[in-house]
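Listed below, chain by chain, are the residues.
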Amino acid sequence: MHDVAVAAESRLDWKRLCFLLIGPILFAIVYYAPPWADAVDPMGKHFPLSKEAKGALAVFLWAGTWWVFEVVPIGVTSLLIGVLQALFMVRPAKVAFKDFMDPSVLFIFGSVVIGMVFTKTGLTRRLAYKMLVIVGEKTSNILLGCFIVTAALTHIMAHTAVAATMFPLLVSIYSLYSEENGPTKFGKAMFMGMAYVAGAGSIITLLGAARGAVAMGFFNEIAHKNVSFFELTYYMFPIGWVMVFLLWALFMVICPPERKVIPGLKERAKTLAAQLGPMTRNEIVASIIVASTILLMSLKSFVPALDPLDKTAIILCSTILFFVTGILDLKDLEEIPWNVILLFAGAMSIGFCLWETGAAKWLAVNWLTLFQKANWFIFVLSMSFFVLVMTNFIMNVAAIAISLPVALVIAPYLGVAPEVIFYASLVTAGMPFLLLVGAAPNAIAYESKQFTAGEFFVYGIPASVLLMVILGFFVAIVWPLMGMPVTLKG
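Residues numbered from 1 in each chain as written. Predicted model: local features only at pLDDT ≥ 70, side-chain atom pairs only at ≥ 80, totals over all residues. Heavy atoms only, no water.

**Student:** Go over the overall build of the chain, please, and point to the residues and values.
**Tutor:** When helices and strands are tallied, the chain shows 22 helices and two strands. Against the globule reference of 23 Å for 490 residues, the chain gives a C-alpha radius of gyration of 23 Å, in line with a compact fold. The burial tally for the chain puts 57% of its 490 residues in the buried class. Contacts in the chain between residues far apart in sequence, at least 24 positions, make up 79% of those at least 6 positions apart. Put simply, the chain shows about 20,700 Å² of open surface, and 70% of that area lies on carbon and sulfur atoms. (Helix = DSSP H or I, 4+ residues; strand = E, 2+ residues; numbered from the N terminus. Rg over C-alpha atoms; globule rule 2.2 N^0.38 Å. Buried < 20%, exposed > 50% of the residue type's maximum accessible area, 1.4 Å probe, protein only. Contact = heavy atoms within 4.5 Å. Areas by Shrake-Rupley, 256 points an atom, 1.4 Å probe, with all protein chains shown as cover.)

Listed below in structure tokens is the structure:
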């Protein structure tokens, strides 16, 4: 028996060693390859791939391989990203490691702290029990209820903050489903689904994520057209909510809960809710701080005087107030999931690396020019697919920034209206279903330990295919019926 265990462990080690080696091998092949040809856009402009840009692609491949196969902790792979940039002179160390403390990373830190506060004060249990009383005992309804609440919250607050708020709530709900620590199909569906629908909901308003405002800036500059807050919501609301319900249906098929019903759950939730008693001082204070933070960040989009206020600074004010009021202490600070924070820090570093070296632009031009003589529908979907792939590896804001300008330049030659380019790219930029680094909700959901990075990738394939099919349906049929221009007259 002992020999069998040793043999199994040996096989596992060989498998890990194989995946460990794939990363540096891919890096070496790309980094030491002879210079690659320039990318050329339809206007004849050349985009050379410099040595630094080729190095960025090499780092990108090594990190992506290790992230997917989890040969080392995902946070350690993120550290590797900074180290490789510095050692191989892709970017100066001061620049590469500075991205690890980018405001977006600190925003995620603040969001995670809010989630910790909800757990520590007991607010999550209170909310979880009330929600279970409403949705009942069927596991399918519980999942749907969690997904609807997650998506709805992204209409008024950043999807990162929503994920951090929902995570402890889902942990409390899951504890009533299974007392075991190991993963279950229900757990996979609940936590991965939360990350997916957070992305789907975040495309609907400008408050869900920063990518919308960035895309509007490019659209205004290149197409000389403005998109209002409510116009964006008008076109995004139907596709966002269709994806929420279809993702729920998808998880019910590919990850059906082991139990269809949890007998007595509704009564148990009522009893547990009653046992909590009235709200405590910490719950009230935490609720006021969180509500004020969300309100202030939401009002930024409507009150011009508040626009200069940085959202990261606002959310970090809440972090400071939690410690000032005694809700959190030093022990809580030490329990921050730094693996997740480092994961996103590394994602920011490689994203900026691909952007600043010109590697991302080279990829975008090469990809989109392949379709410069294609049918307009094929071009729109190919552009959207490129954004979908890129947003899994780099910041969705960067994915928009590198692809939207190129697509808007090519579009008139194919008779494609700029509006459909704008909205289609925003849809796929908001739903990175393949890699944990694609969005903060993905990384936050990973903390549940219900799935591996590899499983997230595998389950993300059918979800991404579903997204492209639905987008194609909206581009060809729904959006034109809603009044969106998709082709240019004449």
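**Student:** Tell me about helix α2 (residues 51–69), and name the residues and values.
**Tutor:** Compared with the 27 Å implied by 1.5 Å per residue over 19 residues, the 28 Å span of α2 between its first and last C-alpha is a close match. Extensive coverage of α2 is indicated by the burial of 15 of its 19 residues. Glu-70 lies just past α2 and shows a positive phi near 50 degrees. (Expected span 1.5 Å × (residues − 1).)

**Student:** Report on the side chain of Ser-382, specifying residues and quantitative values.
**Tutor:** Residue placement: Ser-382 occurs in helix α18 (residues 376–391). Once you skip the residues sitting within four places of it in the chain, Ser-382 turns out to touch Trp-367 and Phe-371.

**Student:** Please provide a residue-by-residue account of a nonpolar patch on the surface, values included.
**Tutor:** Residues Trp-14, Leu-17, Leu-21, Ile-25 and Ile-29 make up a contiguous nonpolar surface patch of roughly 530 Å² in combined accessible area. Within the fold, Trp-14 resides in helix α1 (residues 2–31). (Patch = residues over 30% accessible without salt bridge, like charges linked within 9 Å, V, L, I, M, F, W, Y side chains within 5 Å. Salt bridge = Lys/Arg side-chain N within 4 Å of Asp/Glu carboxyl O.)

**Student:** Describe the packing of aromatic side chains, naming the residues involved and giving the relevant values.
**Tutor:** A ring pair, where both rings are aromatic, is described by two values, the distance of the centres and the angle of the planes. Per the counting criterion, the structure on display carries 31 aromatic pairs. Relative to Phe-251, the ring of Tyr-196 has its centre 5.5 Å away and its plane inclined at 40 degrees; by these criteria the two rings are tilted. Of the two residues, Tyr-196 is situated in helix α9 (residues 185–202) and Phe-251 in helix α11 (residues 229–254); the sequence distance between them amounts to 55 residues. The class of Tyr-196 is buried, set by a relative accessible area of 0%. Ring centres of Tyr-234 and Tyr-235 lie 4.9 Å apart, and the angle between their planes is 65 degrees; this geometry places the pair in the edge-to-face category. (Phe/Tyr/Trp six-rings, centres within 6.5 Å; stacked < 30°, edge-to-face > 60°.)

**Student:** So, the pattern of salt bridges: which residues are in play, and what are the values?
**Tutor:** Counted under the stated rule, the structure contains seven salt bridges. In this structure, Arg-126 and Glu-283 form a salt bridge, with 2.9 Å as the shortest nitrogen-oxygen distance. On the criterion of sequence distance, the pair formed by Arg-126 in helix α6 (residues 123–135) and Glu-283 in helix α13 (residues 281–299) is long-range, its members being 157 residues apart. The class of Arg-126 is buried, set by a relative accessible area of 13%. In this structure, Lys-188 engages Glu-455 in a salt bridge whose closest nitrogen and oxygen atoms are separated by 3.1 Å. Here Lys-188 is found in helix α9, whereas its partner Glu-455 is found in helix α22 (residues 453–482), with 267 residues between them in sequence. Overall, Lys-188 belongs to the buried group, its relative accessible area being 10%. For Glu-455, a relative accessible area of 27% puts it in the partly exposed group. Through salt bridges that share partners, Arg-91, Asp-99 and Glu-356 make up one connected network.

**Student:** So what's going on with the nonpolar core? Which residues, and what values?
**Tutor:** If you look at the biggest cluster of nonpolar residues, it comprises 178 residues, and the most contacted ones within it are Ile-142, Ile-173, Met-190, Phe-379, Ile-421, Phe-422 and Trp-479. In terms of residue count, the dominant contributor to this core is α22 (14 residues). Sequence-distant contacts of Ile-421, defined by excluding residues within four places in its chain, comprise Phe-379, Val-380, Met-383, Leu-404, Ala-407, Leu-408, Ala-411 and Val-416. (Core = buried A, V, L, I, M, F, W, Y, C linked by side-chain atoms within 4.5 Å.)

**Student:** Describe unusual backbone geometry, and please don't skip the residues or the numbers.
**Tutor:** With a phi angle near 55 degrees, Met-89 is a residue other than glycine that sits in the positive phi range. With respect to the element layout, Met-89 can be found in the loop between α3 (74–87) and α4 (93–98). Taking the relative accessible area as the measure of exposure, Met-89 reaches 63% and is therefore exposed. The phi angle at Lys-449 is positive, at roughly 60 degrees, despite the residue not being glycine. Mapping Lys-449 onto the fold places it in the loop between α21 (440–446) and α22.

**Student:** Could you give an account of the packing of α2 against α3, with specific residues and numbers?
**Tutor:** Two packed helices can be described by the angle between their axes and the distance between those axes. Packing of α2 against α3 leaves a shortest axis separation of 9 Å and a crossing angle of 170 degrees. In terms of orientation, α2 lies roughly antiparallel with respect to α3. Contacts from Val-59, Trp-62, Ala-63, Trp-66 and Trp-67 in α2 reach Ile-74, Thr-77, Ser-78, Leu-80, Ile-81 and Leu-84 in α3. Among the residues forming the contact of α2 with α3, the class breakdown is nine nonpolar, two polar and no charged. (Axes fitted to C-alpha atoms, helices over the stretch in contact; angles between N-to-C directions. Parallel < 35°, antiparallel > 145°, perpendicular 65-115°, else oblique. Nonpolar A, V, L, I, M, F, W, Y, C, P; charged D, E, K, R; others polar.)

**Student:** Any chance you could break down the environment of Phe-393 for me, citing the residues and the numbers?
**Tutor:** Here Phe-393 is to be found in the loop between α18 and α19 (396–410). Separated by 41 residues in the primary sequence, Phe-393 and Leu-434 have C-alpha atoms spaced 9.1 Å apart.

**Student:** Please set out the side chain of Glu-283 residue by residue, giving values where relevant.
**Tutor:** On the accessibility criterion, Glu-283 (2% relative accessible area) is buried. Here the side chain of Glu-283 touches Thr-280 through a polar contact of 2.9 Å, landing on its backbone nitrogen. Residues within four places of Glu-283 in sequence aside, it is in contact with Thr-121, Gly-122, Leu-123, Arg-126 and Pro-278. (Polar contact = N/O pair within 3.5 Å; in protein donor to acceptor, adjacent residues only side chain to side chain.)

**Student:** Could you give an account of the environment of Phe-100, naming the residues involved and the relevant values?
**Tutor:** Checked against the element boundaries, Phe-100 lands in the loop between α4 and α5 (103–121). We classify Phe-100 as buried; its relative accessible area is 8%. Separated by 341 residues in the primary sequence, Phe-100 and Pro-441 have C-alpha atoms spaced 18 Å apart. If sequence neighbours within four positions are ignored, Phe-100 has contacts with Ser-78, Leu-79, Gly-82, Val-105, Leu-342, Ala-345, Gly-346 and Ser-349.

Everything listed here is a matter of geometry and, on its own, says nothing about what the molecule does.
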